Structures are given as C-alpha cells and as structure tokens.
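Coordinates in review
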Amino acid sequence: MAFSISQEGEEVTSASFSSVSTEQWDSIATTLRSNGGVATIDFLPPSIVELHSQCFATARDALDVAAASTVGEEGEQQNTIKTIGPNDDSAHATGYHRAGSDGGSMSRYNSHREGFVFSDGETFDIELPRTGRNTSGSDDYSFQQRMEQMFASMHDGIASNVLSAIAR
C-alpha cells in the first residue's frame, strides 16, 4: 500500500521501507508465530524511527494539555478536547480518556492509564502550546497531523509489510 508523509521538508513514503528486506519482514512473521504474537521490529529505517519519535513527543505534549483540562458543571467541557466518558461505547470511542478509579476512566483496565483512542477512522486535534516547551521538535505539525502520520506509518508501512510476510 502506498503512502506519503511530508515531514520537515522531507518526504517519508512507503518507499522509505524499501531498505527493509523481505527476509527481515519474514523473520518478524516467524517470530510472531513462535512467540504468541509478540515481536520486536528493530530494523526500521532512520526516517521512520525519527517520525515515530516526533509523533510520540507530540502525543506527550497533548497528554499534558488534556490532563490539565477540566469539566464544568453538568459535565460540560471547559475546552475543546474530545473526551471519552466512563459510559461511552469503547468499541467506537475516539478521544482522550482520563486515568483514575474515581469513575472517570473508561474501565478498570485504565484506572492507572490515561491516553488517546482513535476508532472508526476518526481523528481529532488538540491545541498545543507554542511556547518552546513543545517537545515534539517542530511547531509545523498539529497533534492531529502527527497522529495521522503515525497511523500511515504503522498501518500502511509496518502492518502491511508484516501481514504480507505472514501471508507468504
């Protein structure tokens, strides 16, 4: 599957994975089969590793913003961050979920974890501070753009190659 991501003046595309040999993807398929579905991919091209690093840094900044958000009276949000409540349908939820066993998290599983969930192809944006505290390395990309870049890399790049290897 072909994809293209513009990143800091450099194009990261499905061709960015061309340096990864078929044998390397096949070794991941073999490892997945023998380790109960667990494998480490430690051979990604530097451009992809850098992209993932920037995406996680942006997500870290967005988590700080989301965690600091408040809910007003009668459950009205005081900001524009899309949140997932404890009674929302987790199979189709998209947004930020709080941690906590106080009833604010999606489930007991998330009682000590906060995070972002993207379902059904939906994405959303979070306004990040442009104060220099931004750890994502570039003010040129929004949270939503970075999450879409990560999805393209993980789905169109990594997952497609791994699934092709499994099918062989």
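To be clear, the structure that these remarks concern was listed above.
Residues numbered from 1 in each chain as written. Predicted model: local features only at pLDDT ≥ 70, side-chain atom pairs only at ≥ 80, totals over all residues. Heavy atoms only, no water.

**A closer look at the nonpolar core**
Operational definition: Take the buried residues of types Ala, Val, Leu, Ile, Met, Phe, Trp, Tyr and Cys, join any two whose side-chain atoms come within 4.5 Å, and each joined set is a nonpolar core. Using a 1.4 Å probe on the protein chains alone, a residue whose accessible area is under 20% of its type maximum counts as buried, one over 50% counts as exposed, and one in between counts as partly exposed. Starting at the N terminus, helices and strands are each numbered in turn, a helix being any DSSP run of H or I of at least four residues and a strand any DSSP run of E of at least two. In what follows, residue pairs with any heavy atoms lying within 4.5 Å of each other are defined as contacts.
The biggest cluster of nonpolar side chains holds 14 residues, and the ones touching the most others in it are Ala62, Ala66, Phe116, Ile126 and Phe143. Contributions of two or more residues to this core are made by helix H2 (46-67) and helix H3 (143-167). Ranked by the residues each element gives to this core, the list is headed by H2, at five residues. Among all residues touching Ile126, those that are not within four sequence positions of it are Ala62, Val65, Ala66, Ile81, Phe116 and Phe143. With eleven residues, the next largest nonpolar core counts Val20, Phe43, Leu44 and Val162 among its residues.

**Quick look at the environment of Gly95**
Tracing the chain through its elements places Gly95 in strand S3 (residues 95-97). Classification of Gly95 as buried rests on a relative accessible area of 0%. Considered as a pair, Gly95 and Asp125 are 30 residues apart in the sequence and their alpha carbons are 9.3 Å apart. Discounting residues that sit within four places of it in the chain, Gly95 has contacts with Lys82, Ile84, Gly115, Phe116, Val117 and Phe124.

**A look at the pattern of salt bridges**
Threshold: For this analysis, a salt bridge means a side-chain nitrogen from Lys or Arg found within 4 Å of a carboxyl oxygen belonging to Asp or Glu.
On inspection of all chains with the given rule, the structure shows two salt bridges. Asp26 is paired through a salt bridge with Arg168; the nearest N and O atoms lie 2.8 Å apart. Taken together, the residues span a long stretch of sequence, with Asp26 in helix H1 (residues 22-34) and Arg168 in the segment after H3 at a distance of 142 residues. On the accessibility criterion, Asp26 (25% relative accessible area) is partly exposed.

**Some words on the packing of H1 against H3**
As a reminder, the rule being used: Axis definition: a line fitted to C-alpha atoms, limited for helices to the stretch in contact. Angles are taken between N-to-C directions and run from 0 to 180 degrees. Here roughly perpendicular refers to angles of 65 to 115 degrees, roughly parallel to angles under 35, roughly antiparallel to angles over 145, and oblique to all remaining angles. Under the grouping applied here, Gly and all other residues not named as nonpolar or charged are polar, the nonpolar ones being Ala, Val, Leu, Ile, Met, Phe, Trp, Tyr, Cys and Pro and the charged ones Asp, Glu, Lys and Arg.
Following both chains from N to C, one finds H1 and H3 inclined at 75 degrees, their axes separated by 8 Å at the closest point. Compared by their axis directions, H1 and H3 come out roughly perpendicular. Only Ile158, Asn161, Val162, Ala165 and Ile166 of H3 make contact with H1, whose side of the interface consists of Trp25, Asp26, Ile28, Ala29, Leu32 and Arg33. Here the residues of the contact of H1 with H3 sort into eight nonpolar, one polar and two charged.

**Some remarks on H3**
Heads up, the condition is: For a helix, the expected span equals 1.5 Å multiplied by the number of residues minus one. Here the bend at a residue means the angle between the axes of two seven-residue stretches, the one that ends at it and the one that starts at it.
Taking 1.5 Å per residue as the helical rise, H3 with its 25 residues ought to reach 36 Å, and the 34 Å between its terminal C-alpha atoms agrees with that figure. When the local axis directions of H3 are compared, the greatest deviation, roughly 35 degrees, occurs at Ala159. Buried residues of H3: Phe143, Arg146, Met147, Gln149, Met150, Ala152, Ser153, Asp156, Gly157, Ile158, Val162 and Ala165, and no others.

**Here's the deal with H2**
Owing to its 3.6 residues per turn, the α-helix brings residues three or four apart onto one side. Given a rise of 1.5 Å per residue, 22 residues ought to cover 32 Å, and the 31 Å separating the end C-alpha atoms of H2 matches this to within 8%. All of the buried residues in H2 are Ser47, Ile48, Leu51, His52, Gln54, Cys55, Ala57, Thr58, Ala59, Asp61, Ala62 and Ala66.

**A short note on the environment of Ser90**
Structurally, Ser90 is set in the loop between H2 and S3. Once the C-alpha coordinates of Ser90 and Ser119 are considered, the two residues, 29 residues apart in sequence, prove to be 8.8 Å apart.

**Observations concerning the packing of H2 against H3**
The cut-off we apply is this: Crossing handedness is read from the near helix: turned anticlockwise from the far helix by less than a right angle, it gives a left-handed crossing, and turned clockwise, a right-handed one.
Running from N to C, H2 and H3 point in directions that differ by 140 degrees, and their axes come no closer than 9 Å. One finds that H2 runs oblique with respect to H3. Classified by chirality, the crossing of H3 by H2 is left-handed. Residues Ile48, Leu51, His52, Gln54, Cys55, Phe56, Thr58, Ala59 and Ala62 of H2 touch H3, and the partners they reach there are Phe143, Arg146, Met147, Gln149, Met150, Ser153, Met154 and Ile158. For the contact of H2 with H3, a count of residues per class yields eleven nonpolar, five polar and one charged.

**Some details on the side chain of Ser153**
Note the cut-off: Whenever two N or O atoms come within 3.5 Å, that pair is a polar contact, provided that in protein one can donate a hydrogen and the other can accept it, and provided that, for residues adjacent in sequence, both atoms are side-chain atoms.
Looking at where Ser153 falls in the secondary structure, it is placed in helix H3. Within the structure, Ser153 has its side chain in polar contact with the side chain of His52 (distance 2.7 Å).

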